[in-house]
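Okay, here's what each chain looks like letter by letter:
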Amino acid sequence: MAPHDLFPEKNSGKDVKKSAQSSSRFSLSQNREILVDGIALLSAVPENITLSSFSSIQHSSDTDNLPPSHLIKSILSKAEENGAFLGLSINNPLDRILNPIGKLNDRKFMSIFRFKTWWSTMWIGSNGSDLQMETQLILLQVPEINSYVLIIPLIEGSFRSAIHPGVNAEVILCVESGSTKVKGKSFSSCCYFHVGNNPFDLIKDAFWAIRLHLGSFRLLEEKNPPKIVNKFGWCTWDAFYLTVEPVGVWYGVKSFVDNGLPPRFLIIDDGCQSINMDHENPFEDSKDLTGLGSQMLCRLYRFEENEKFAKYRGGTMLRPDAPKFDQEKHDLMFKNMVELAMKKKALKEANEDDSGLPEAIVIEYLTEGKEDSGLPRGGLKALIKDLKEKFICLDDVYVWHALCGAWGGVRPGTTHLNSKITPAKLAAGLEKTMYDLAVVMIEKGGIGLVDPNQAADLYEAMHSYLADVGVTGVKVDVIHTLEYVCEDHGGRVQLAKAYYEGLSKSLKNNFNGTGLIASMEQCNDFFFLATKQISMARVGDDFWFEDPNGDPMGVYWLQGVHMIHCSYNSFWQGQFVQPDWDMFQSDHPCAEFHAGSRAICGGPIYVSDKVGHHNFDLLRKLVLPDGTILRCQHYALPTRDCLFENPLFDGKTLLKIWNLNKFGGVIGVFNCQGAGWYPEEHKCKAYPECYTTISGIVSPDNVEWEQKDFTAKFREYELFAVYPNKAKNLYLMKPHDEINITVWPSSFEILTISPVQIFDQKAKFAAIGLENMFNSGGAIEVLRYKCNRNNYTAEIIIKGAGKFLAYSSIKPKEINLNDQRIDYEWLSNGFLRFEVPWKGGELSSALIELN
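Residues numbered from 1 in each chain as written. Predicted model: local features only at pLDDT ≥ 70, side-chain atom pairs only at ≥ 80, totals over all residues. Heavy atoms only, no water.

Peer 1: Account for the overall build of the protein chain, with residues named and values stated.
Peer 2: In terms of helices and strands, the protein chain carries 15 helices and 46 strands. Computed over C-alpha atoms, the radius of gyration of the protein chain comes to 28 Å, within 12% of the 29 Å expected from 2.2 N^0.38 for 851 residues, which places it in the range of a compact globule. For the protein chain, the spread of C-alpha atoms along the three principal axes comes to 85 × 75 × 55 Å. Going through the 851 residues of the protein chain one by one, you find that 62% of them count as buried. A fraction of 75% describes how many contacts in the protein chain between residues 6 or more apart in sequence connect residues 24 or more apart. For the protein chain, the exposed area adds up to about 32300 Å²; of that, 49% sits on carbon and sulfur atoms. Positive and negative side-chain charges of the protein chain, numbering 87 and 105 respectively, have mean locations separated by a distance of 3 Å. (Helix = DSSP H or I, 4+ residues; strand = E, 2+ residues; numbered from the N terminus. Rg over C-alpha atoms; globule rule 2.2 N^0.38 Å. Buried < 20%, exposed > 50% of the residue type's maximum accessible area, 1.4 Å probe, protein only. Contact = heavy atoms within 4.5 Å. Areas by Shrake-Rupley, 256 points an atom, 1.4 Å probe, with all protein chains shown as cover. Lys, Arg positive; Asp, Glu negative; His and termini not counted. Charge placed at Lys NZ, Arg CZ, Asp CG, Glu CD.)

Next comes the structure, spelled out in structure tokens:
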């Protein structure tokens, strides 16, 4: 039921219903068309489809999770006018309903669909048959009224909805419980429509309305992101995969610190847990973890770290005779492990004897001999203590785990929890998604599923131990495993609620309510059910340094695909969580391409470099000497003119993403052309004919200034200084002026957009920022202008070090930096430069006097 104080008019009967219908811009006409302001969106709408105003639908009764009180009235007003719920009813109850909701013809759309169980991406088209399976959101263009419409499948009761393609332009709504034991036949709010004339305001307003309706999540602006959001970090995954161990971790951190680029957070990725397979000793670590998917058959058997980490003794790496590490030798041992595993697999598949092959080994550099007998094991706790003692920059250590404990869940009989091996079955809507080894292995081994009533106990057991040893956060992966095992647990919604409530409770108890990165989570029931507390999540598939299927061009085109995932997914996922664009490797052939996007993504920046394999010149364009970053104030999103285009394989469109700094904007222009989703084969493939140089236009008007209150005023500015970071030109542009940009394949340009302060006809000034950093404008912490007759001053507080760039139409009288007069360079074209020294992380203050 709706909270009584939100909708008191509900008790007034027919008049209210009539008023509610007339106030909504949406309507269902007698000839069965869904209209907005009289414009048809869907035609041939079936008779069993209903359309209801916002106030005529029952809403969440969770008064403990209402939006901020000052917003409720505005949310209600906007939703009543601009929103509507779609419902449906059938004669006989079903657990999975596939129901047409109308035909979509000749109207451009951008959609987000799941191309894997875990990951989603964008797709464009113009009719219902163009849609892809498991579509999570549709954005329609309605140029007749200069507007856009969102169609968002929802959760209702124990059912969740998604959109599927139909024949002859039909749009199909899939409403499913995930359990043959949970059936329904009548739904009033399984899908939501919202209209607006600004796509970025529209999606914000729509999800505030859904937030009020469902009451099961909170939006990003209501929460604090993890502390790591402003910092640089290192993740162990691509350096070691499952062979991660303490010595390699130590030298990984050391490699960055020794080169003056300290990581402020460390993620020990998959490979730290105590796991094994069903055929192995239930209380010993598996020795068969090669990265061929073997870990996906493993189950957690204890909450403490595995033996590789448990063997660590306090002070080991602080001693002069500490164990050494050689990345090349490590990689060779790993390669041999993989080759051995492949030989064993081939023999097994041929039903031949593999006893003549050597046993699998675990790569480790810590030994336990007689000399260690008097020293107690310190394990992960001692390692973290030593790391923080030696590398005082290291603020946070995160550890990986799967939502169900490990990839294969929790092994029955090994913990105090009630765990049962549950068969894993792929949901019908995912049958046409991309082949995924993880899915194959999970279906093969099933999940050791902890009783949902003990989900909170599972997370408390894992997290309280980790918090006690010094871990400050977790990366939670494989999140959408739950929908594979929900048959006997009330369906996917009810099972998810139990697990997400337990996870949220533990997050508050153990990691300050914020220390969590969600991954492999890009499905609507995660966002609608899990994000009351979770405030950061991955917005793209993994960074793949090459195509795992062997396409040599995949080294290049996969990177553009990753960028499209992240930017378009952020359009909706950014409403709930701080978008995390994932790690990359700084010595990769496309490292600069990734670095450019991370610089302006608005989230944390972290890499997965192998030990000693770094490009520090590149990283110093992203990271300051104290391990902090120049983070944008919003999260990066595609510009309006990209929303309905195909920057992957139309051969003409550059991806443009915008973001905001405190005193300006930024636009990244990326050539991602060359690959994309191929529906006929359900995979991404190369389009080599598109992997070519592309040209496009950029304008100051591409920046969505109104998305932050402190930049909204810049919409009214008459002039902007535009600085392309790589071309190093300087343009003075009016808001609607355009410049042409030509970008090579797998390359980019970043343009800093700085509002020009016009003092008088001659004196004009704009602060651009540190030109040695990709996000130049992110260095400006404070900017104040003063006018006193004919004397004008600009006071700038600067974060970072390097060459500071500004535009000044006249030569400054003098510049004082940190209370000392300094030399500067000024050119007649307006270029003004001066050097800012590094002050150990303290801010610098510049006072520029103009006459």
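Peer 1: Explain the sheet that holds strand E3 (residues 39-42) to me, and be specific about the residues and the numbers.
Peer 2: Sheet strands line up and pair through hydrogen bonds in the backbone, either parallel or antiparallel. Ordered by their spatial adjacency, 3 strands build an open sheet running E1-E2-E3, and the pairing between neighbours is antiparallel. Two strands bound the open sheet, and with one partner strand each, they are strand E1 (26-28) and E3. Strand-to-strand twist across the sheet, computed as the mean angle between neighbouring axes with direction ignored, equals 35 degrees. With 3 bridges connecting them, E1 and strand E2 (residues 34-36) associate as antiparallel partners. By the bridge assignment for E2, Leu28 is matched with Ile34. (Pairing = 2+ DSSP bridges. Axes fitted to C-alpha atoms, helices over the stretch in contact; angles between N-to-C directions.)

Peer 1: Describe the packing of aromatic side chains, with residues and values.
Peer 2: Applying the stated criterion to the full structure yields 46 aromatic pairs. Here the aromatic rings of Trp250 and Phe391 are separated by 5.1 Å at their centres, their planes lie at 55 degrees, and the arrangement is tilted. One end of the pair, Trp250, is in helix H5 (residues 246-258); the other, Phe391, is in the loop between helix H8 (379-390) and strand E19 (396-402), with 141 residues separating them in the sequence. Here Trp250 and Phe391 have matching classes, each one buried. In textbook terms, an aromatic cluster arises when at least three aromatic residues are bridged by ring pairs, as seen for Phe207, Phe217, Tyr500, Phe526, Phe527, Phe528, Trp572 and Phe576. If you follow Lys726 out to its NZ or CZ, it ends over the ring of Phe748, 4.3 Å from the centre. (Phe/Tyr/Trp six-rings, centres within 6.5 Å; stacked < 30°, edge-to-face > 60°. Lys NZ or Arg CZ within 6 Å of the ring centre and 35° of its normal.)

Peer 1: I'd love a proper account of the packing of H5 against H8, names of residues and values included.
Peer 2: Running from N to C, H5 and H8 point in directions that differ by 20 degrees, and their axes come no closer than 11 Å. The orientation of H5 relative to H8 falls into the category roughly parallel. For the crossing formed where H5 meets H8, the hand is right-handed. Mapping the contact onto sequence places Pro246, Val249, Trp250 and Val253 in H5 and Leu383, Asp386, Leu387 and Lys390 in H8. Tallied by class, residues from the contact of H5 with H8 come to 6 nonpolar, no polar and 2 charged. (Parallel < 35°, antiparallel > 145°, perpendicular 65-115°, else oblique. Left-handed = near helix turned anticlockwise from the far one by under 90°. Nonpolar A, V, L, I, M, F, W, Y, C, P; charged D, E, K, R; others polar.)

Peer 1: Which residues make up the layout of surface pockets, and what values do they have?
Peer 2: Size it by volume and the second largest pocket reaches roughly 1000 Å³. Of the residues assigned to the lining of the second largest pocket, the class counts are 12 nonpolar, 5 polar and 12 charged. (1 Å grid on protein atoms, 1.4 Å probe; cavity = no way out; pocket = protein on both sides within 12 Å on 5 of 7 lines; lining within 4 Å. Points joined across faces, edges and corners; volume = space filled by probe spheres on them.)

Peer 1: How would you explain empty space enclosed by the protein if you had to name every residue and give the values?
Peer 2: Evaluated as defined, the whole model comprises 4 cavities of 30 Å³ or more. There is about 120 Å³ of room inside the largest cavity. Lining of the largest cavity is provided by 15 residues; of these, Gln273, Phe303, Glu304, Val399 and Leu466 occupy positions nearest its centre. Within the residue set of the lining of the largest cavity, elements represented by two or more residues are strand E17 (273-276), strand E18 (299-305), E19 and helix H10 (455-468). Considering each element in turn, the lining of the largest cavity owes the most residues, 5 residues, to E18. Of the residues contributing to the lining of the largest cavity, the split by class is 9 nonpolar, 3 polar and 3 charged.

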